[in-house]
Every structure is written in C-alpha cells, then in structure tokens.
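Report on the structure
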Amino acid sequence: METTYHRIDGPYDEQYASLYNQTWCENPIWQTEAKLHIKTIADLINPSGKWLDVGCGTGFLLSCFPDADRVGLDFSNAMLEQARKENPNVSFVHQSMSEPNAELERVGFDLVTCTGQPWSYLPTLEAIEDAVANLASWTSKDGKCMLTPIDISDFMPNQLPVIYDLNRLTNNTTHITGIHWILKEMDTVYHHCLSPNLDQWIRWFSKHFRKVEILKWPHEPDFLLIPRRVIVCSEKRDAGDDSAATIVAHPNLSDKKIDERSPLAFLPNKALVGELVRRIGSGELAKAAMRKVRHAIRRS
C-alpha cells in the first residue's frame, strides 16, 4: 500500500531506516557514488580534528572513519537508532538542521559535512538558509564545511544564468532560486521536497565563508546524466566581514565518457522482469506508445 508524506513529516520510520543502507549505500548501482563521498571526506578530514556529519542518517559515512572524533546529527530517531548500532562510540544529536545549537557552536568542528540532501524536507527556503547559517556556526574558525547539492540547471536543456550576486539582476527579471520535486521509493511518496539552485547555495555560504569551492563528481553511476556537485567552504568570516567571496569552480574529476544506457540496463534480470510487469500492468508502455504516435502525427 502506498504511503504519502508531506516533506516536513519525513519518511524515515523504523522500516525505512532498516532498509536504507541496502537501498542506497550498499546497492551496487550507487556504490561508486558512496565511494566518491568517502574519498572526498577523506581528503578534507583532519585526523586530529573533530567532524560533525549533519543529516547523518544511519551513520554509514561515520562508520567509514572509525578513528575520527565524530558526531552525528539527524532529525529521525529511527535513523539515529541504526546509526548508534553501527557507531557505538559516537555521540549523536537529535534535532533539525535548521535549529541552532549553542553546544555544537561552542565545540567548533574542523569539518562539517551535509550529504544526502536532508534540507529537502525543510518547509521553506528560509529554513534552508537558517540551516546554512547553522552549518557555518558549527564550523571552527579554520575548519571546512562540505555539502553535496544537485544543481537544478543540470535538468534543463538550456543552462540557467548563474548569478551569485542578486544586485546584478535587472528590472523585470525573474531568476530561479530553487525547485519543488516529488520522489517515490519503497512505496512511499515524498511531496514538495525543496532543492535550491547551485548559485543560491553559494550566495548563502558566501555570507559565512570567504572561499567557496565547487567540485563536480563524475557521472556515477554511468546512466546518471546529472553530475553531483560538492561545495567546500573555508576561510570562515569574522563578524562584520562583508568582503567579496572567492568562488572557485573546479573541472570534472573524470573525463570518462558518459554511458547513455537507460537505468534499466543496470538492473538484474529479476528486477528487470518485475519492472516490465509493473509497467505493462500500469499502462505506462501503452501511454508511451500513444505519445510517440501523436508526436509523429504532429510532425508529419
């Protein structure tokens, strides 16, 4: 039976949390992306420093660095329960990333990471901006802050203009700063999730850091035509510092040719047959065929 959640309700119950790792982190389709997360964190982490993983979920990434001084934060009790099992010696904080935390600010972390898009379930862009301010406040003076967004312009056939400074907008101009989206997985539908655009993220982070770097991971898995971006912030600002930020966009980390096969090509035979049966039963194949016929008629 299908379950529907509004984005702020969250889908992360006990059943979902128990299946999360095998669905994502341990799934052969997504293992390469998991390795990219691990490699990037390994490059940024200070072996003798403190690391805070915001939206840590089941603690998969935390478990990959058992010798690090780690803290995890998440809004879901069910996910934190799984995280504690995998990381028995790690401290965890149960709260929303949009809520301030004076103790975390007092500690000051050498690395603050935020992956998996937990901000998608916050109610407004203003709440996400509050979360960015918290990520910065929890980062130490000489620390780094890492976040892995998707740039919505990658979904578009034409690139959207990149505007880091809204003062550059002319009159009668509309600029996209984010989108809503819907995702269905495990018979659960998340409605109206939020994704700010890449330059919106950079505007927010530039208020708190003097240097913002944008890395671009390769298209992994091969069928994923939307590359993952990684924002790495450093040189935390002092109060009152409103100087211009240095924004560095790095080239792709790989020149590997994109595999343009459908995601279906990566499914095992049993899953592929199941997907075919589902599409036949739902009428999706017939509808797709009719759309092609109508398109051909309009072109003729």
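Scope of this entry: the structure provided in the associated data block. Bear in mind the structure is a predicted one, so any value in this text is a computation, not a measurement.

The rules behind these values
Residues numbered from 1 in each chain as written. Predicted model: local features only at pLDDT ≥ 70, side-chain atom pairs only at ≥ 80, totals over all residues. Heavy atoms only, no water. Helix = DSSP H or I, 4+ residues; strand = E, 2+ residues; numbered from the N terminus. Buried < 20%, exposed > 50% of the residue type's maximum accessible area, 1.4 Å probe, protein only. Areas by Shrake-Rupley, 256 points an atom, 1.4 Å probe, with all protein chains shown as cover. Expected span 1.5 Å × (residues − 1). Arc of directions from axis to C-beta. Contact = heavy atoms within 4.5 Å. Phe/Tyr/Trp six-rings, centres within 6.5 Å; stacked < 30°, edge-to-face > 60°. Pairing = 2+ DSSP bridges. Right-handed = clockwise from strand over helix to strand, strands pointing away. Core = buried A, V, L, I, M, F, W, Y, C linked by side-chain atoms within 4.5 Å.

1. Quick word on the overall build of the chain
Check the secondary structure of the chain and you find 9 helices and 11 strands. Within the chain, buried positions represent 45% of all 300 residues. In the structure as shown, the chain presents an accessible area of about 16,600 Å², 53% of it carried by carbon and sulfur atoms.

2. A closer look at helix α2 (residues 31-44)
Taking 1.5 Å per residue as the helical rise, α2 with its 14 residues ought to reach 20 Å, and the 20 Å between its terminal C-alpha atoms agrees with that figure. All of the buried residues along α2 are Glu 33, Ala 34, Leu 36, His 37, Thr 40, Ile 41 and Leu 44. Mapping the buried residues of α2 onto a view down its axis gives an arc of 155°, with all of them on the same face. Pointing more than 90 degrees away from the buried face of α2 are the exposed residues Lys 35, Lys 39 and Asp 43. Looking at the buried side of α2, the elements it contacts are β2 (50-54), α3 (60-63), β5 (109-114), β6 (139-147), β9 (209-216) and β10 (229-236).

3. Regarding the packing of aromatic side chains
Scanning the entire structure with this criterion turns up 6 aromatic pairs. Each ring, one from Trp 201 and one from Phe 205, has its centre 6.2 Å from the other, and the planes form 25°; the classification is stacked. Of the two residues, Trp 201 and Phe 205 are both situated in helix α7 (residues 198-206); the distance of 4 residues between them amounts to about one turn of the helix. In this pair, the class of Trp 201 matches that of Phe 205, namely buried.

4. Describing the pairing of strand β3 (residues 69-74)
Among the 6 residues of β3, 5 are classified as buried, and the element is accordingly described as predominantly covered. Where β2 meets β3, 5 bridges bridge the pair, whose relative direction is parallel. What sits directly across from Val 54, in β3, is Leu 73. The sheet contact formed by β3 and strand β4 (residues 91-94) spans 4 bridges and is parallel. Across the sheet, Leu 73 pairs through a bridge with Val 93, a residue of β4. Following the backbone out of β3, through helix α4 (residues 77-86) and into the adjacent parallel β4, one traces a crossover that is right-handed.

5. A few points about the environment of Tyr 121
Tracing the backbone shows Tyr 121 in the loop between β5 and α6 (125-137). For Tyr 121 and Ser 195, which are 74 residues apart along the polypeptide, the C-alpha to C-alpha distance reads 9.4 Å.

6. Considerations on unusual backbone geometry
Most peptide bonds are trans, and most residues other than glycine sit at a negative phi. Positive phi is not limited to glycine here, since Gln 117 has a value of about 60°. By the secondary structure assignment, Gln 117 is in the loop between β5 and α6. Judged by relative accessible area, Gln 117 falls into the buried class, the value being 14%. At Glu 235, a residue that is not glycine, the phi angle is positive and equals roughly 60°. Counting through the fold element by element, Glu 235 comes out in strand β10. Overall, Glu 235 belongs to the partly exposed group, its relative accessible area being 38%.

7. Topic: the nonpolar core
In this structure, Leu 52, Val 54, Leu 135, Trp 201 and Phe 205 are the most contacted members of the largest nonpolar core, which totals 32 residues. For this core, the element with the highest residue contribution is α6, accounting for 6 residues. In this structure, Trp 201 is in contact with Trp 119, Ile 128, Val 132, Leu 147, Pro 149, Pro 196 and Ile 231, ignoring residues within four places of it in sequence. Core analysis: the second largest hydrophobic core is formed by 28 residues, Tyr 20, Leu 44, Trp 51 and Val 232 among them.

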